[in-house]
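Next come the chains, spelled out residue by residue.
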Amino acid sequence: MAEKIKLIRQDKIFYTIVYAIITLLTISVLYPIIYVLSSSFSSGTAVSTGQVVLFPVDFSVEGYKRVFEYERVWMGYRNTIFYTIVGTINNVFMTLICAYPLSRRELPGRKGFMAYFVFTMYFSGGMIPNYLLMRDIGYINTIWVMIMPGAFSVYQMIVTRTFINSTIPYEMLEATKIDGCSDFRYFTMFVIPLSKAIIAVLTLQYAVGHWNAYFGAMIYLTNKNLFPLQVFLREILVMNQIQPSDFTDEETRMIMQGMADLLKYALIVVATFPIMCFYPFIQKYFVQGIMIGSLKG
Amino acid sequence: MNKKILAILLACLMVLALFAGCSKSGTKTDDSSAATEKKEETKKEEPKKEEKKKEEPKKEEPKKEEKKEEKKEEAPADAVEVTAPGQLPIVNGDLTLSFAMPLNATVEDRETNALWVYLQEESGIKFELEEYAGDEYHTKVDLMMAAGGADLPDILCGGSFGVTPRTTWGQAGFILDLKDYINELCFYLPMAFNNCMYTDWDTALAQITSYDGGIYGLPSYAESPNDRVSNGRINFYMPWVEKAGMANFDDNGEFIKTADQLLEYYEIVKTSDFNGNGKADEIPLTGYGTWNLKCAFLPMFLKHNVDNFWVDNGVVKTTADSDEYREGLRFIKGLLDKGYLDPLTFTQDHAAMTAMITAETMTIASYLRISASNLNLTTVPPSTDFEWCSALAAPGADESDRFQYYGKAIAYTQYVVTKNCESPEAAVRLGDFWGSEDVSFINNCGFEGIDWDAVSDLEGGADKWGNTWGWGPEDTYVRRTAETGGRASWGTMQNVWMGNQGVSCLNYDWATQGGADKTLDTWPMSVRNANRILYNITLSNQDNVFAGQVYTAEEADMNANVYTPIATYIEECFTRFCMGDLDIEKDWDNYVNELKKMGLEDYTAVEQAVYTRMFG
Amino acid sequence: MLSKFTRAIRRHWQLYLFLLLPAVYIGIFAYYPMTGVQLAFKKFDYNLGIWGSPWVGFEQFRKFFSNYMFERVMTNTIRISVLGTIAGFPVPIIFALCLNCVFHLRYKRTVQTITYMPHFISTVVMVGILKQFFHPRVGVYGIFYTMFTGATAGDLFASPSAFDPLYIFSGIWQGFGWGSILYLAALSGVSPELHEAAMIDGATRFQRVHYVDIPAIMPTIIITLIMSIGSLLGVGFEKIFLMQTDMNMRVSEVISTYVYKRGLGSGGNSDYAFSTAVGLFNNVVNLILLITVNKIASMVSETSLW
């Protein structure tokens, strides 16, 4: 009995520490988020004069109005959503079909393939050859240039491979092999369902990557109907930072300066709010207990 | 089974997408077939993947053949006739020019923009437009050149291109040397430039000419006398100046003109409790960043601009290792030691400084600023109670011996004609027209009678300290607000002008616009007059200023390799000397030796070569 | 040999088929442009293109190594990177382990959502927040400092010794939530039977973490560590550039900011050859590190890249 009581106390201490750590970290991280939200809902003057500390000052939706006035923001949303969905499906698919074979230790030539892929993480030809490649295969100024290059990240593929290796026991494969299951069927019937957690992670990370993409668009696209959201948002920001001549009327200038600072925050919220809404849907895949029942079957 | 099918479908989708590019650059039928294949999502077996791979080399061959055919068709037809210089329309016949411009968030839609339409109507040329993202505009253009330049449009427009890159591109043949065209065909631009107060046509051309004599673009320019003489100003909180008894305005609206007066005032601020809160928290001087600090206090010792290189009778000399510079450092350090200068000046940004100024309790007696647009607080109390002063005389010197930093205005280029242009004559004529006085105006203010009026009966006014003024030029341009029928205001989203993009030459007349309500109370008199005084002060010193250097490729290389670390080091040591991290007395020699070791003397020789080549 | 090869293919043909598509992708999008690396040994001529430009051997590298700034820049880059990895690597792991122990589902989800939000705040805004927060007079830090000590706080951005902590801790602060996602996913794959068995054996919660959770995610940890070390010379540009001031420049100038400033200096033309050379140097060093660490990992544990 005494042992059990001791255990409970040790556990209690442990849990107290754990909760304390988590709560502290969370609160510390809360500040910049609240700050950004509050700033985006404050007036331009309040933001540029540094008055916003925690809560909105001079509540206004000026920043948001300004951002959404710019019609192209809507076009950007549409494009970005398309690129994100198609691109992410592509990425996740490619990553999985690449990670699975490489997770099989008995595959001959595995090391060679790994080296083949890893090598590309380190050596790249730079902007010019990439531009030439895009031009030669006709991707310049098409939607494909936002989806295809970087079809998958070798880094993510390695992480996925590790995950498959460590979560899906080898015994399962052996068992199915005895039953005459082909590699392909094993992959679709067992590996994928059991890898829901890592698929969720991949989806999230690739989706965010596509959502925030802008550099490729800036270099390869010239048709403004294809530009993703980030390009237009940056445009708004840059525009408001251009110093106008001294000889415009004071009020406009003052408004513009304030607007530039205010826009930064509204833009962050506008750009990240949709993708953050996506997160709760992914969250459920991180719940423990995916493996229940798999071995028993 | 479902999952298997899904997996196969995905695989085929991706393979198709991979070759979608190949087919798109070929005939249109291939394109539509790929698209329909995708849409139908027909079920295919795995072996088909290998078949598609075999198709790829076949598709590439027809693509190449078609490209060759296209090139033959594009041989210049030369059916257009360009009219004589100055005449409109510019062409008799059909001509289409393609442009690339950076996205501009203030322009709603260029295709329907009033100026864009106007230019096409007047010139008779049709425009085709590609818009690149603004942030990486130069990178993209440079990359296109590096990749062979085949997809460049006829004209690159907007976003200024420096002389060095233009020279590189021009010598490589991607953009055209417009010198001859300019001399023969330009009609409006010379007029516009010669109407400017601070420059003229020949000077402007010289500023954009490369070292090999080629002119790879058309010049643009904007006069803003305030910018020329606005570096290094100090803005004072007037209620405290009055309390200190030093608000004695002279005829020109100035009240503090020498460093001695300044130090006197700061001493008073330090020892009086002007904000009445019982704490000695008044800060005489603060700022953001070191540039305005340098411009405020170094010129009075240097007697020339603060730039790292200046010219003394044709000899290029360095600033950062001179004794006068050292004197200036001692002075600034003195300000810090006596508690007059806020140490945060060296690191804070303007938001933080503004927060201090607009805080509940006023603690700032004066602050450094560059130009009005950098700190737009003049309509927010208490900042409406601030007034400028500028160039100060050195300690012990007389108030007539002042030196003001002079920021030389350089013509820049944002209009470049590429090798792909069929008719460079038309392109240059168009640029000439675009940069004419009238069109430059439209590009900034809109159309006369709709968006602005020329007014000659503008009243003067008086500021709160009793200074009055009249109105300088006879005709002034007054923008219309929405109430009076104007369609847009500067900096907002509109569709009337293109924000000075293209070719633009705005002269002093434009610069002296009146306030929208026909009064001048938004523009303090001391600024306006100070401009004139200061400009006259600096007139005699303009020859000392060395700006607008045009480098050869080797010189630009040296600039990047040798000068960049030097400039960083000078900048770093400026702050460290002032803050006391380095001792001005003990560490100075080390500093000078270090500069020598880094190659300052060799590099100075390079700058000298540039100067001699440019200005003889 | 050939028969061994064909036998292998016949046995595992489906797996090889899987690999075919990614391999082709990588071949086209990564290997084909890789030929551009030769630019590191050339002097780029716009007209001649990459293939036609003249060879200059190690000239670009010589420019880089012999530059006055080189020593300082390399030291700073390595120091910031190493310290950042040492300090930053454990935090997402510990956080994930802790969070995994939590019962209350709603609390867990809220915490997850909140902690991964800072990742989305752009660098520019993040540094702006930092500067405002740590301002000696009007920032939260300054106000509290004065409240407790009566004196005005020092300017952290003007202090060379404060740069590393500021940079590294703000990075950890912004990134640990996002970084923990991977570990949480790995932890969710831990069989609950193992935990049940441990509890039956009388293990405390802490012991369960120690003996069940950590070993379960050890492969992920090792791989992530190997990859982190394999990107040591990749200190990001934007954040450092925004946090640099004259006073801390001597500890904050890194390779990326140096290359950027150099590019500006020559008037705006990208010096492709130089930046390719610097990039190549970075990559070679990183690759050597990667191979070394991977070797160590394969000797010490079961997990390694290859």
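Preceding this paragraph is the structure being described.
Our subject in this report is the structure included herewith. Small disclaimer: the values here were computed from a predicted structure and weren't measured. (Residues numbered from 1 in each chain as written. Chains lettered and ligands numbered in written order. Predicted model: local features only at pLDDT ≥ 70, side-chain atom pairs only at ≥ 80, totals over all residues. Heavy atoms only, no water.)

1. A short note on the overall build of chain B
Okay, so step 1: Looking only at helices and strands, chain B features 23 helices and 17 strands.
Okay, so step 2: Out of the 616 residues belonging to chain B, those deemed buried represent 57%.
Okay, so step 3: Across chain B, the fraction of contacts at a sequence separation of at least 24, relative to all contacts at a separation of at least 6, is 76%.
Okay, so step 4: With the model as given, the accessible surface of chain B reaches about 24,600 Å², and the carbon-plus-sulfur share is 48%. (Helix = DSSP H or I, 4+ residues; strand = E, 2+ residues; numbered from the N terminus. Buried < 20%, exposed > 50% of the residue type's maximum accessible area, 1.4 Å probe, protein only. Contact = heavy atoms within 4.5 Å. Areas by Shrake-Rupley, 256 points an atom, 1.4 Å probe, with all protein chains shown as cover.)

2. Side note on the interface of chain B and chain C
Okay, so step 1: Contact residues are listed per partner, giving 45 residues for chain B and 38 residues for chain C.
Okay, so step 2: Summed over both partners, the interface of chain B with chain C buries about 3,700 Å², with 60% contributed by carbon and sulfur atoms.
Okay, so step 3: At the boundary of chain B with chain C, the tally comes to four salt bridges.
Okay, so step 4: In this structure, Asp581 of chain B and Arg250 of chain C form a salt bridge, with 3.5 Å as the shortest nitrogen-oxygen distance.
Okay, so step 5: At the junction of chain B and chain C, the tally comes to 14 residue pairs in polar contact (both at pLDDT 80 or more).
Okay, so step 6: Where the side of chain B that touches chain C is concerned, the elements lending two or more residues are α1 (2-24), α3 (48-73), α5 (137-146), α6 (163-172), α16 (350-357), α21 (553-579) and α22 (588-598) of chain B.
Okay, so step 7: In terms of residues, the side of chain B that touches chain C owes the most to one element, α21 of chain B, which gives 13 residues.
Okay, so step 8: Residue composition of the side of chain B that touches chain C, by class: 21 nonpolar, 12 polar and 12 charged. (Buried area = accessible area lost by both parts, 1.4 Å probe. Salt bridge = Lys/Arg side-chain N within 4 Å of Asp/Glu carboxyl O. Polar contact = N/O pair within 3.5 Å; in protein donor to acceptor, adjacent residues only side chain to side chain. Nonpolar A, V, L, I, M, F, W, Y, C, P; charged D, E, K, R; others polar.)

3. Here's the deal with the pattern of salt bridges
Residue and element names in this part refer to chain B.
Okay, so step 1: Taken as a whole and assessed by the stated rule, the structure comprises 22 salt bridges over all chains.
Okay, so step 2: Residue Arg110 pairs with Glu131 through a salt bridge whose shortest N-O separation is 2.6 Å. Linking Arg110 in the loop between β3 (96-102) and α4 (114-123) with Glu131 in strand β4 (residues 126-132), this pair joins segments that are 21 residues apart in sequence.
Okay, so step 3: Accessibility expressed as a relative area gives 0% for Arg110, which makes it buried.

4. Brief notes about the nonpolar core
Okay, so step 1: One finds Phe117 and Phe152 of chain A, Met145 of chain B together with Tyr46 of chain C to be the most contacted residues of the largest nonpolar core, which totals 197 residues.
Okay, so step 2: In this structure, Ala296, Leu329, Cys578 and Val610 of chain B belong to the second largest nonpolar core, which totals 79 residues. (Core = buried A, V, L, I, M, F, W, Y, C linked by side-chain atoms within 4.5 Å.)

5. Describing the packing of helix α4 (residues 72-103) of chain A against helix α5 (residues 110-122) of chain A
Two numbers describe a pair of packed helices, the interaxial angle and the distance between the axes.
Residue and element names in this part refer to chain A.
Okay, so step 1: At their nearest, the axes of α4 and α5 sit 10 Å apart, and the two run at 145 degrees to each other. In the packing of α4 onto α5, the handedness of the crossing is left-handed. Between α4, through Cys98, Leu102 and Ser103, and α5, the contact on the second element is made entirely by Arg110, Phe113, Met114 and Phe117.
Okay, so step 2: Tallied by class, the residues present in the contact of α4 with α5 amount to five nonpolar, one polar and one charged. (Axes fitted to C-alpha atoms, helices over the stretch in contact; angles between N-to-C directions. Left-handed = near helix turned anticlockwise from the far one by under 90°.)

6. Some details on the interface of chain A and chain C
Okay, so step 1: Between chain A and chain C, the residue contacts involve 100 residues of the former and 94 residues of the latter.
Okay, so step 2: Taken together, the two surfaces of chain A and chain C that pack against each other cover about 8,600 Å², and 75% of this comes from carbon and sulfur.
Okay, so step 3: Counting across the chain A and chain C interface gives zero salt bridges.
Okay, so step 4: Put simply, chain A and chain C have 13 residue pairs in polar contact (both at pLDDT 80 or more) between them.
Okay, so step 5: Mapped onto the side of chain A that touches chain C, the elements with two or more residues apiece are α1 (2-40), α4, α5, α6 (127-136), α8 (154-167), α10 (183-194), α11 (196-211) and α14 (250-283) of chain A.
Okay, so step 6: Among the elements that make up the side of chain A that touches chain C, the one with the highest residue count is α1 of chain A (20 residues).
Okay, so step 7: Each residue belonging to the side of chain A that touches chain C can be placed in one class, and the counts come to 70 nonpolar, 19 polar and 11 charged.

7. Notes on the environment of Met144 of chain B
Okay, so step 1: Its place among the elements puts Met144 of chain B in helix α5.
Okay, so step 2: Given a relative accessible area of 2%, Met144 of chain B falls into the buried group.
Okay, so step 3: As a C-alpha pair, Met144 of chain B and Phe174 of chain B span 30 residues in sequence and 9.8 Å in three-dimensional space.
Okay, so step 4: Discounting residues that sit within four places of it in the chain, Met144 of chain B has contacts with Tyr131 of chain A together with Tyr132, Gly149, Asp151, Leu152 and Pro153 of chain B.

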